[in-house]
Amino acid sequence: MSGFAALLTRDLRLAFRHGGDVANVVAFFALAVILFPFGVGPDPDLLARIAAGVLWVTALLAALLSLERLFDADFQDGSLEALSLMPVPLEIQVLAKCVAHWLTTGLPLTIIAPLLALVLHFDAAGYPALVAALLLGTPVLSLIGAIGAALTLGARRAGVLLSLLVLPLYIPVLIFGVAASEAAALGLESRPHLLLLAALLAGSLALAPWAAAAALRQALE
Amino acid sequence: MAGRESQKSFTGEGLACRRGERRVFKGVAFALTPGDALLLGGPNGSGKTSLLRLMAGLAQPEEGVIAWNGETIADDLAAHRARLHYIGHQDAVKPALTAAENLAFWAGMRGTDGGVTDALCRFRLDARADWPARYLSAGERKRLGLARLMASPAALWLLDEPTSSLDAEATEILLTAIAGHRRAGGCVALATHAALPVPGAQALSLADHATWRQR
């Protein structure tokens, strides 16, 4: 457990020292969302109808932006090789890095999403479900993203390859995330969608660290 | 020496290594007892790093067996990792963290945190402890990487070109650290081009085992 805490603390400290990385993700999310009213016009009804979808798609893309550097910095400077030789299992280390990634991308996105929902005239009744869905869904983005980031490690143009690999896998999160937020906005039950998101989270929590660790070992051979 | 044979030891037999399509070496063997040092020599590309990576369990040999105390390391890689330090070409130093933070992180990953200040002093980095590592020179970063050896205990040290970009004083510090480690019953395997004065060290030249020249 001490290894998990040590790696988590280090990654958070690094993210904090390079504050720009976190700010970039949040700024990208905010700007991309704000572009929509310009693109589709200021009609409140139309914006309210697409709000959940817009927020989720842009959150997904914003999370994707930061994935490339999840393992790459450690790979480039030899830290990853050294980490793989630590007595702490690589799976636990991947989990620590995913938690750090979520705390520095998914969580800030979840926090500012309600503000941006306001810009899109999102129905007030949908806010709790929107935040709950993002809290359950964004960790899945980090976990699935870790598999993609590990698989594309060392590849040329890894960023593009990463998007091609990971975006299709994000579709279930997108579907249930949007459905939960919209159901609540329409006055329907959002619980089943949130439960499905929770199931996705539980599944990826159990599988993603193993898959990503296996891919990392392959990259280090 | 005969009495030592029965003690725990680190051995490799009939080792062959392939990198991609190329067979790097074959028929390599070594045997280290506690307190032994092994100097790996050979020209560039003869497989010194590859052999160290096999010893660390980072890659599997194509043929042959590496064993610790008679047990194949591949059978229990976790236990093998817990007893070794591997310092590769790259320093694994994070520029945004201070020297002390960098070292404390690696010690923390191995479950210790007591030896950091001491290790920084040993490698004459105590004055740099609170500097972000990005302000350290190449030699100082290398020393910071090597300070990991002192910050947490491990029985086996695997060092890849440890003296590159080190000045004479730092090389001396490293040699003293190696001597102390061997006195305490540790093993060292190091790849080097420099003629390092490591008393009583076994020498293994990979040029003798190269398969790529014969083709």
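Residues numbered from 1 in each chain as written. Chains lettered and ligands numbered in written order. Predicted model: local features only at pLDDT ≥ 70, side-chain atom pairs only at ≥ 80, totals over all residues.

1. Focus: the overall build of chain B
Convention followed: Secondary structure is summarised from DSSP: a helix means a run of H or I of at least four residues, a strand means a run of E of at least two, and numbering begins at the N terminus for each. The size measure is the radius of gyration over C-alpha atoms, and the globule rule it meets is 2.2 Å times the number of residues to the 0.38 power. Once C-beta atoms are placed from the backbone, each residue is buried if 20 or more other C-beta atoms lie within 10 Å of its own, exposed if 12 or fewer, and partly exposed for counts between those two. Two residues form a contact once the distance between their C-beta atoms, set from the backbone, is within 7 Å.
The helix and strand inventory of chain B stands at six helices and nine strands. By the compact-globule yardstick of 17 Å for 215 residues, chain B fits well, its C-alpha radius of gyration being 17 Å. Taken along its principal axes, the extent of the C-alpha atoms in chain B is 50 × 40 × 30 Å. When each of the 215 residues of chain B is scored for burial, the buried share is 44%. If you take every contact in chain B between residues at least 6 apart in sequence, the share linking residues at least 24 apart comes to 72%.

2. Let's talk about the interface of chain B and chain A
Stated formally: Charged means Asp, Glu, Lys or Arg here, nonpolar means Ala, Val, Leu, Ile, Met, Phe, Trp, Tyr, Cys or Pro, and polar covers whatever is left, Gly included.
The interface is formed by 20 residues belonging to chain B together with 20 residues belonging to chain A. For the side of chain B that touches chain A, the class distribution of residues is twelve nonpolar, four polar and four charged.

3. Quick notes on helix H3 (residues 99-109) of chain B
The element H3(B) is largely enclosed, with a buried count of eleven among its eleven residues. Among all positions in H3(B), only Ala99(B), Ala100(B), Glu101(B), Asn102(B), Leu103(B), Ala104(B), Phe105(B), Trp106(B), Ala107(B), Gly108(B) and Met109(B) are buried. Buried positions along H3(B) lie against helix H1 (2-17) of chain A together with helix H4 (116-122) and helix H5 (138-151) of chain B. Gly111(B) lies just past H3(B) and shows a positive phi near 80 degrees.

4. What to know about the sheet that holds strand S7 (residues 156-160) of chain B
All names here are of chain B. Threshold: For two strands to be treated as a pair, DSSP must find at least two bridges joining them. For helices, the axis comes from a line fit to the C-alpha atoms of the stretch in contact; other axes are also lines fit to C-alpha atoms, and the angle between any two N-to-C directions lies between 0 and 180 degrees.
Strand order in the open sheet made by the five strands is S6-S7-S8-S3-S9, with parallel pairing throughout. Each edge of the sheet is formed by a strand with only one pairing partner; in this case those strands are strand S6 (84-87) and strand S9 (202-205). In this sheet, neighbouring strand axes are inclined to one another by 15 degrees on average, regardless of whether the strands run parallel or antiparallel. Pairing of S7 with strand S8 (residues 187-191), which is carried by five bridges, proceeds in the parallel orientation. Bridge pairing in S8 links Leu-156 to Cys-187. Running at roughly 145 degrees to S8, helix H6 (residues 168-183) makes contact with strand S3 (37-41), S7 and S8 of the sheet.

5. Comments concerning the nonpolar core
Nonpolar side chains tend toward joint burial in soluble globular proteins. As a reminder of what qualifies: In plain words, the nonpolar core is the set of buried Ala, Val, Leu, Ile, Met, Phe, Trp, Tyr and Cys residues that C-beta atoms within 7 Å link up.
Core analysis: the largest hydrophobic core is formed by 135 residues, its most contacted members being Leu55(A), Ala59(A), Ala146(A), Ala150(A), Leu103(B) and Ala147(B). A total of 15 residues in this core trace back to one element, the largest contributor, which is helix H7 (residues 127-151) of chain A. Contact partners of Ala59(A), with chain neighbours within four places excluded, come to Phe29(A), Leu109(A), Ala113(A), Leu134(A) and Thr138(A).

6. Some words on unusual backbone geometry
Excluding glycine, a negative phi dihedral is what most residues carry, and trans is how most peptide bonds are arranged. All names here are of chain A. Positive phi outside glycine occurs at His-121, with the angle close to 60 degrees. Residue placement: His-121 occurs in the loop between helix H6 (90-119) and H7. Judged by the 17 C-beta atoms lying within 10 Å of it, His-121 falls in the partly exposed class. The phi torsion at Arg-157 lies on the positive side, around 50 degrees, for a residue other than glycine. Mapped onto the elements, Arg-157 comes out in the loop between H7 and helix H8 (158-169). Arg-157 gets classed as exposed once you count the C-beta atoms within 10 Å, which come to 8.

7. Quick notes on the pairing of S3(B)
The pairing of S3(B) with S8(B) spans four bridges and is parallel. When the sheet's bridge partners are listed, Leu38(B) is paired in S8(B) with Ala189(B).

8. Side note on the sheet that holds strand S4 (residues 63-68) of chain B
Residues and elements named next belong to chain B. One open sheet holds the four strands; their spatial order is S2-S1-S4-S5, and the pairing between them is antiparallel. What marks the edges here is a single partner per strand, and that holds for strand S2 (22-32) and strand S5 (71-72). Where strand S1 (residues 10-19) meets S2, seven bridges bridge the pair, whose relative direction is antiparallel. In the sheet register, Cys-17 faces S2, and the bridge partner there is Phe-25. This element, helix H1 (residues 48-56), spans S1, S2 and S4 of the sheet and lies at about 125 degrees to S1.

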